[in-house]
Amino acid sequence: MTDQTILRKIHALPENLKGEIIDFIEFLTYKYDKNLSTKKSPRYGSLKGTFQMSEDFDAPLEEFKDYM
């Protein structure tokens, strides 16, 4: 299908459907964007040692004593 054929068919559509075509084109562009496939995933354990939990992490909170 040539670009001219596509444009001719788009021009024949009502205005509300032309908006849907633009949405679909943006969806396809996002879906098949080559940059998304080259994005690296984070490695498990890469943030090890970055966060520290306090010793009393599991201890009941003072604010909830009325409910216990």
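Rules used throughout
Residues numbered from 1 in each chain as written. Predicted model: local features only at pLDDT ≥ 70, side-chain atom pairs only at ≥ 80, totals over all residues. Heavy atoms only, no water. Helix = DSSP H or I, 4+ residues; strand = E, 2+ residues; numbered from the N terminus. Rg over C-alpha atoms; globule rule 2.2 N^0.38 Å. Buried < 20%, exposed > 50% of the residue type's maximum accessible area, 1.4 Å probe, protein only. Areas by Shrake-Rupley, 256 points an atom, 1.4 Å probe, with all protein chains shown as cover. Salt bridge = Lys/Arg side-chain N within 4 Å of Asp/Glu carboxyl O.

Regarding the overall build of the protein chain
Stage number 1. Across its full length, the protein chain carries 3 helices and 0 strands.
Stage number 2. Going from the N terminus to the C terminus, the protein chain shows its helices and strands as α-α-α.
Stage number 3. Here the C-alpha radius of gyration of the protein chain, 27 Å, is well above what a compact globule of 68 residues would show, namely 11 Å.
Stage number 4. A principal-axis box enclosing the C-alpha atoms of the protein chain has dimensions of 70 × 35 × 10 Å.
Stage number 5. Going through the 68 residues of the protein chain one by one, you find that 0% of them count as buried.
Stage number 6. Carbon together with sulfur atoms contributes 58% to the accessible area of the protein chain, which is approximately 7,500 Å² in total.

Re the pattern of salt bridges
Between side chains of opposite charge, a pair can form when the charged atoms approach closely.
Stage number 1. Summed over all chains, the structure comprises 2 salt bridges.
Stage number 2. Put simply, Lys18 and Glu15 hold a salt bridge, and the shortest N to O gap is 3.3 Å. Residue Lys18 and its partner Glu15 are both found in helix α2 (residues 15–31); the two are separated by 3 residues, about one turn of the helix.
Stage number 3. Judged by its relative accessible area of 62%, Glu15 is exposed.

Some remarks on the environment of Ile25
Stage number 1. Along the chain, Ile25 falls in helix α2.
Stage number 2. The exposure class of Ile25 is partly exposed, given its relative accessible area of 44%.
Stage number 3. Taking C-alpha positions, Ile25 is 13 Å from Leu7, a pair spaced 18 residues apart along the chain.

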